[in-house]
2 protein chains.
Amino acid sequence: MGYTKDDELAINTIRILAVDATSKANSGHPGAPMGLAPAAHVLFNKFLSFNPKSSSWINRDRFVLSNGHGCLLQYCLLHLFGYDLSLDDIKNFRQIDSKTPGHPEMGDTDGIEVTTGPLGQGFANAVGLAIAQANAAAEFNQDGFDIITNYTYAIFGDGCAMEGVASEAASTAGHLQLGNLIMIYDDNHISIDGDTNCQFTEDVLKRFDAYGWHIQHVEEGNTDLEGIEAAIAKAKEVKDKPSVIKVTTTIGYGSKLQGTGGVHGNALKEDDAEQIKEKFGFNPKEHFVVPQKVYELYSKRAAEGAAVEEKWNQLLEKYGQQHKELHAELLRRQAQKLPEGWEKKLPTYKPSDKANASRKLSEAVLEAIHEVLPELIGGSADLTGSNNTRWKNATDFQPPSTGLGKWSGRYIRYGVREHSMGAIMNGISAYGLHIPFGGTFLNFVSYAAGAVRLSSLSHERVIWVATHDSIGLGEDGPTHQPIETLAHFRALPNMMVWRPADGNETSAAYYMALTSTKTPSILALTRQNLPQLENSTIAHAIKGGYTVIEAESADITLVSTGSEVSLCVDTVKLLKDKHNLTARVVSLPCWEIFDAQDKEYRLSILPDGIPSLSVEVMSTLGWERYSHEQFGLNRFGASGPYKEVYKKFEFTPEGVAKRAVATVDFYKGVKPRSPVNRAFQQLI
Amino acid sequence: MGYTKDDELAINTIRILAVDATSKANSGHPGAPMGLAPAAHVLFNKFLSFNPKSSSWINRDRFVLSNGHGCLLQYCLLHLFGYDLSLDDIKNFRQIDSKTPGHPEMGDTDGIEVTTGPLGQGFANAVGLAIAQANAAAEFNQDGFDIITNYTYAIFGDGCAMEGVASEAASTAGHLQLGNLIMIYDDNHISIDGDTNCQFTEDVLKRFDAYGWHIQHVEEGNTDLEGIEAAIAKAKEVKDKPSVIKVTTTIGYGSKLQGTGGVHGNALKEDDAEQIKEKFGFNPKEHFVVPQKVYELYSKRAAEGAAVEEKWNQLLEKYGQQHKELHAELLRRQAQKLPEGWEKKLPTYKPSDKANASRKLSEAVLEAIHEVLPELIGGSADLTGSNNTRWKNATDFQPPSTGLGKWSGRYIRYGVREHSMGAIMNGISAYGLHIPFGGTFLNFVSYAAGAVRLSSLSHERVIWVATHDSIGLGEDGPTHQPIETLAHFRALPNMMVWRPADGNETSAAYYMALTSTKTPSILALTRQNLPQLENSTIAHAIKGGYTVIEAESADITLVSTGSEVSLCVDTVKLLKDKHNLTARVVSLPCWEIFDAQDKEYRLSILPDGIPSLSVEVMSTLGWERYSHEQFGLNRFGASGPYKEVYKKFEFTPEGVAKRAVATVDFYKGVKPRSPVNRAFQQLI
Ligand SMILES: [Ca+2]
Ligand SMILES: [Ca+2]
């Protein structure tokens, strides 16, 4: 304890930098950084274990600013402590290609752990970071070698507290007894619509108590540095519960408009900025001033952090001598390298092998690879038996006191909480030692759209095992049958959407999902059985598209994915026998990967001069990119046994053939250009 | 009170019907109906006010089964009480085109209020139904005329309790003190993954207490009919809080597997089904047996309900004499008819009118029409000032005790809870007297994807005011800039996605959204100013697409939406001056509506023989339907002042012209068919 004028100076420097940066950008959110500066100062200067010169040190404490609109708070701290972020970077706040975008983006800025801003996400990411820590600690720590000991700290505001994704994650964290997770709730009574009285009057601490969290309240969050410190220290002592500390603050502390919505999302007026500087003993006419004392105070802390890492490095070296294999594993996983030869474990299939549902083929992959890939950690949003996500001898990731599992367990019971599952997976991936996967029905990946988008934007290798991928799920009906889902995620940049047609394609999907370290994947898998295709191999399928049935002088190309590829294969014979038409069949399990192949390859699969028809039992949106005509389902499905549902919508050889004939007729006398041929390159 | 053998018989009949129906379908969820039959029996037979012969009576109590997979519970009750649902319909459970789909779908089945199954949705729908009731009561009730007095009852299970959307809605309901809302929590300790101990160990009642709900617990939910009745009666007395009654039940009560996950989602084995029938005094070899006594018991209750409605009808008749205008309004709104001439209030613009952001043009519409359309009830997910959703003299919908508004207020503070806002809007719409709208950033409509999908599936007239619709929002950056969002919702059946280019198009979007009684809408609106276009009129825009600039012997058609239409207009001159190319410009603000026009019209807008280029600052996915080449953004955006962001991605007249020239070159010597010309009709 023992806070001095220097602490106050540091806190006020952060506040004023936030004022100056939002004023210069004429955009942004000064209020949260100004209110949170005291709590953040105490957290960073007294507790957070980090080395600004080594921001990827694996045992660093993780810090997440879930109310990402307050990012200047974090940018200022990163700069002041000596991360690779200059004062000029702060001055470039919210400018094109700066290191200081409007919300924190992982990858753009040294020291940013996860991308936040979309409210509630950071909260759930922090739960994921804490899960990853607990699991890694159980796996890697040995007697005398506490290699993985970090805490995860997060700050969240009213907005995050209102979001369902955070509620879900909070319930999960309470169940999991994550004692390594400490959150500060910025209770400033303001959100964009004004006083939270108008919409958010619940008792937040009581709610967290109900979830099983340890709860505390610091009433004078603007000034009571000792109180904040004591609360964090207490939270660290509680090992069997996550902790939340409600810190009551004044948004825009120091502004004439403090405590009102007026300081939330707009730069302050010039006279207001000047009076704040004056009030805090700064020159009202100067901008972006950092007193040398503040740099000194913080560099002292940074040096302590560097020393802690140095000591840890020595421990790690000894660990490397005494626990050679674990040490090698830790380095391998940190480097995101998969073990040599792991891919030989992937199941392969011959056309004579039995038909199987791709959800079960996915299960076979997990069964085959989980031992060689200990970084795989996954679960399901309460659909384990339907998603087939659990290998036979899996151990649950559970607090040992429950008697249901261990910290080293690799199967996570996410509960019926798809959105937080997605955001928790982002956090697990961001920790740096795991590859998370999560199961739900494809239709309910949409519940998690907010998190899925951030997997893509922040380049997290997250895998969705999305079963029951179409009307082929049958009786559950339209409420559960995806129509728009694949179009949605195909339109999302940096997302691999896979819809494998058989066993080899399923293995290929996993191969690409696991080896693409910067790209998340959604594997759309069937409930119903699929035959093993001719010409399907892992090597073919990892190109994203290939020819299943080739034919000389074909009249038409049928291009399809998943369960409809074998339907197209069945149609070929009918077209020949009944209509004397020759059809080729192309499987296109992943557009994103197919698009990445060279043009020559793509044209060999979708050649010029042959009309093509796409066949997929969902929205046709986007299929115009790969086909001249489209057979799909631009309406909702139906409840019934799946074969009858297919029949109702004419997804039968006869129904496909009818449309193939119409397509051939329509293009009679025209040699259409391949859809692969374009006038210019897309911006990607 | 005073329960007899007849009550027990009724309860067991429901249980056995659920067993028989799932067995016949060999699919479905017997467990929940078997466990919930006692609570549902008490609720329906003692409390629920309804007339099975008049299921659209406006003052009926609403019942929502949020755990929709337990729908046989509801189907059986509807049949037994005499709704238009026969025993044969029950036998057709989960069959194609039956009235008894795998999850309850509003519109398919008499007496089903809302579509449930996707977990958490029904819970939030019920909050919406209660909001609508409270608002309508305040508006229509007069001294001596309690016309609108109904309660909303809902049942939810562990799955719903885990979903964030339900948590959000629960917080909102607590804040709003909805005393007319009573929920039963089916505490059976089982979800699909087994005992809830593995993932859901929070204290649910304490959590609801934190939200401000009245809480009760009935411990013997399988047998304690008096306890259930007393709890519901008590809940009805609590007028200033929503109520939740935790009823501890045994899933699959009566089965050999009762209390386990084994009875959740599968039909029972034959011997198990037989022993249950024996246990409950039924013939083990007979199926679908309903004792006459049960029909009698329930028809007595149904007759009471009919009498209540008859009395109400008499009251309504008197009301019509004494409050003629209100009476006429009530009937008009119930018929979903807008008042004569309302559309004359829609703002119109001339090209000389000032440039304006479409979010402000939307505000102008709301300002202009809110008085003539009292059924409009809306709000924002804590972005009121950004979404411009609040007309100047609006009153908040708030409990009067807060001093912040009234029950008759029409502006709802949804909080940062987009998903529940969507689901609550579905409930408000389903009540039958309102048109709900809700504001958030377009990017965060994705948080509500689960609810948006159900608006479409269940034909609810819900309007999303989705501002900040693109990279044009500028500084907030990629975390907030939609890329995939329009593709997602364009792929959703029965959803109108509007992206208006100016004032008249914005008015047109509202016109269509308000008059399409069975279709929800998303209005994608800009943050930045847009000029008023030549040739833009409401009459043109309500066709979904029209020609903004026509030209004889054009070299190219530029087809676009929203903020990029005026960019295309600017490009026309550049193309002429610099490249001697003649361009037409087409605005396509709503694909869904354009697709509904006749082919002749569509071909007049997108004619044969002219190559076309689409221009929209987001994913190009789907634009291949309306253009030969596409200029878009198949990557994430950037944080910076919006004009610079546009420039970075070449969305400038020069950037568009470059691609237009490439398109014209690419199609030199080819007279391409219009994309409107297709080989066959889509299934819609
Ligand atoms: Ca706040
Ligand atoms: Ca349950």
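Predicted, not measured: the structure shown is a model, and the values here were computed from it. (Residues numbered from 1 in each chain as written. Chains lettered and ligands numbered in written order. Predicted model: local features only at pLDDT ≥ 70, side-chain atom pairs only at ≥ 80, totals over all residues. Heavy atoms only, no water.)

> When you look at the pairing of strand β19 (residues 612-615) of chain A in this model, what are you seeing that I'm missing?
Regular strands have side chains that alternate between both faces of the sheet. All names here are of chain A. Going residue by residue along β19, you find Ser612 and Ser614 tucked away on one face and Leu613 and Val615 tucked away on the opposite face as well. Strand direction decides the pairing type here: strand β17 (residues 556-560) and β19, joined by four bridges, are parallel. The partner of threonine 557 across the bridge, within β19, is serine 612. For β19 and strand β20 (residues 629-631), the ladder comprises three bridges, and the chain directions are parallel. (Buried < 20%, exposed > 50% of the residue type's maximum accessible area, 1.4 Å probe, protein only. Helix = DSSP H or I, 4+ residues; strand = E, 2+ residues; numbered from the N terminus. Pairing = 2+ DSSP bridges.)

> Help me out: how do you make sense of the UniProt feature "binding site: thiamine diphosphate" (unreviewed entry) in chain A in this one?
UniProt's feature table lists "binding site: thiamine diphosphate" (unreviewed entry) at His69(A), Gly117(A), Pro118(A), Leu119(A), Gly159(A), Asn188(A), His264(A) and Phe444(A), given in the numbering used throughout. A maximum C-alpha distance of 34.2 Å shows the annotated residues, which cover 376 residues in sequence, to be distributed over more than one spot. Inspection of the secondary structure puts Gly159(A) in helix α6 (residues 158-162). For Gly159(A), a relative accessible area of 11% translates into the label buried. Non-local contacts of Gly159(A), meaning those with residues more than four positions away in its chain, are made with Leu119(A) and Val416(B). (UniProt positions renumbered as here; feature names shortened; annotations may be inferred. Contact = heavy atoms within 4.5 Å.)

> Is there a simple way to explain the relation of the copies chain A and chain B in this structure?
Mapping between the two copies of the chain is achieved by a rotation about an axis and a shift along the axis. For the pair chain A and chain B, the best superposition has an RMSD of 0.0 Å and corresponds to a rotation of 180° with a translation of 0.0 Å parallel to the axis. Here the transformation between the copies is reduced to the relation of a two-fold axis. When the interface residues of chain A are mapped onto chain B, 100% of them again fall at the interface, so both copies present the same face. (Least-squares fit on C-alpha atoms with pLDDT ≥ 70 in both.)

> So what exactly am I meant to see when it comes to the pairing of strand β18 (residues 583-587) of chain A here?
Residue and element names in this part refer to chain A. Counting buried positions along β18 gives five out of five residues, so the element sits mostly inside the fold. Neither face of β18 is left uncovered, since the one carrying Ala583, Val585 and Ser587 and the one carrying Arg584 and Val586 both have all their residues buried. Alignment of β17 against β18, held across five bridges, turns out to be parallel. Note that in β18 the partner of serine 560 across the bridge is serine 587. This β-α-β element, β17 to helix α21 (residues 563-579) to β18, shows right-handed connectivity. (Right-handed = clockwise from strand over helix to strand, strands pointing away.)

> In this structure, what is going on with the UniProt feature "binding site: Mg(2+)" (unreviewed entry) in chain A? I would like to understand it.
All names here are of chain A. Mapped onto this numbering, the UniProt entry annotates "binding site: Mg(2+)" (unreviewed entry) at Asp158, Asn188 and Ile190. For the residues just named, distributed over 33 residues, the greatest C-alpha separation is only 7.8 Å, placing them together at one site. Position of aspartate 158 relative to the elements: it lies in helix α6. Taking relative accessible area as the criterion, aspartate 158 reaches 3% and is therefore assigned buried. With residues near it in sequence (within four places) discarded, aspartate 158 still touches Tyr185, Asp186, Asn188, His189, Ile190, Thr196 and Phe200. Topologically, asparagine 188 is positioned in the loop between β3 (181-187) and β4 (190-191).

> Could you clarify how one ought to interpret the interface of chain A and chain B in this entry?
Listed per partner, the contact involves 115 residues of chain A and 115 residues of chain B. Considering only the surface of chain A that becomes buried against chain B, Tyr447(A), Arg453(A) and Leu683(A) emerge as the three largest contributors, covering 8% of it. A salt bridge links Lys206(B) to Asp209(A); the shortest N-O distance between them is 2.9 Å. Taken together, the connections running from chain A to chain B amount to 73 residue pairs in polar contact (both at pLDDT 80 or more). Classifying every residue of the side of chain A that touches chain B gives 44 nonpolar, 43 polar and 28 charged. (Buried area = accessible area lost by both parts, 1.4 Å probe. Salt bridge = Lys/Arg side-chain N within 4 Å of Asp/Glu carboxyl O. Polar contact = N/O pair within 3.5 Å; in protein donor to acceptor, adjacent residues only side chain to side chain. Nonpolar A, V, L, I, M, F, W, Y, C, P; charged D, E, K, R; others polar.)

> Got a minute to help me understand the coordination of the calcium ion (ligand 2) in this structure?
Residue and element names in this part refer to chain B. Around the calcium ion (ligand 2), the donor atoms from the protein are Asp158 (OD), Asn188 (OD1) and Ile190 (O), and they sit 2.2 to 2.4 Å away. Sequence spacing of the donor residues for the calcium ion (ligand 2), all on one chain, is D-x29-N-x1-I. Taken together, the residues span a long stretch of sequence, with aspartate 158 in helix α6 (residues 158-162) and asparagine 188 in the loop between β3 (181-187) and β4 (190-191) at a distance of 30 residues. Residue asparagine 188 is classed as buried on the basis of its relative accessible area of 9%. (Donors = N, O, S within 2.8 Å, 3.2 Å for Na, K, Ca; no water.)

> Help me understand the pattern of salt bridges, please; the structure alone is not making it clear to me.
Pairing of side chains with opposite charge becomes possible as their charged atoms draw close. Evaluation of the coordinates by the stated rule reveals 66 salt bridges over all chains. Residue Glu484(B) is joined to Arg453(A) by a salt bridge in which the shortest nitrogen-to-oxygen separation is 2.9 Å. On the criterion of chain membership, the pair formed by Glu484(B) in the loop between β12 (463-467) and α18 (485-490) and Arg453(A) in helix α17 (residues 449-457) is interchain, its members lying in two chains. Each member of the pair, Glu484(B) together with Arg453(A), is buried. For Glu202(B), the salt bridge goes to Arg207(B), with nearest N and O atoms at 2.5 Å. Judged by its relative accessible area of 10%, Glu202(B) falls in the buried class. By relative accessible area, which is 2% here, Arg207(B) ends up buried. Salt bridges sharing partners connect three or more residues here, namely Asp469(A), Arg490(A), Arg499(A), Glu564(A) and Glu616(A).

> Would you mind going over the packing of helix α5 (residues 121-140) of chain A against helix α15 (residues 418-431) of chain A with me for this structure?
Helix packing geometry: the angle between the two helix axes and the distance between the axes. Residue and element names in this part refer to chain A. Where α5 contacts α15, the two axes come as close as 6 Å, and the packing angle between them is 55°. One finds that α5 runs oblique with respect to α15. Judged by the twist between their axes, the crossing of α5 over α15 is right-handed. Taken together, the residues of α15 that come into contact with α5 (itself represented by Gln121, Ala124, Asn125, Val127, Gly128, Leu129, Ile131, Ala132, Gln133 and Ala136) are His419, Ala423, Ile424, Asn426, Gly427, Ile428, Ala430 and Tyr431. For the contact of α5 with α15, the per-class residue count stands at 11 nonpolar, seven polar and no charged. (Axes fitted to C-alpha atoms, helices over the stretch in contact; angles between N-to-C directions. Parallel < 35°, antiparallel > 145°, perpendicular 65-115°, else oblique. Left-handed = near helix turned anticlockwise from the far one by under 90°.)

> How should I be thinking about the side chain of Glu418(B) in this particular structure?
Along the chain, Glu418(B) falls in helix α15 (residues 418-431). The buried charged residue Glu418(B) lacks any salt bridge partner; its closest oppositely charged side chain belongs to Arg417(B), at an N-O distance of 9.0 Å. Sequence-distant contacts of Glu418(B), that is, excluding residues within four places in its chain, are made with Glu163(A), Glu168(B), Ala381(B), Thr440(B), Phe444(B), Tyr447(B), Ala448(B) and Trp464(B). (Lys, Arg positive; Asp, Glu negative; His and termini not counted.)

> Can you help me understand the coordination of the calcium ion (ligand 1) in this one?
For a metal bound by four donors in tetrahedral geometry, the ideal donor-metal-donor angle is 109.5 degrees, whereas six donors in octahedral geometry ideally sit at 90 or 180 degrees. Residues and elements named next belong to chain A. Protein coordination of the calcium ion (ligand 1) is provided by Asp158 (OD), Asn188 (OD1) and Ile190 (O), with donor distances spanning 2.2 to 2.4 Å. When the donors of the calcium ion (ligand 1) are listed by position in the chain, the intervening gaps give D-x29-N-x1-I. Taken together, the residues span a long stretch of sequence, with aspartate 158 in helix α6 and isoleucine 190 in strand β4 at a distance of 32 residues. The exposure class assigned to isoleucine 190 is buried, which follows from its relative accessible area of 9%.

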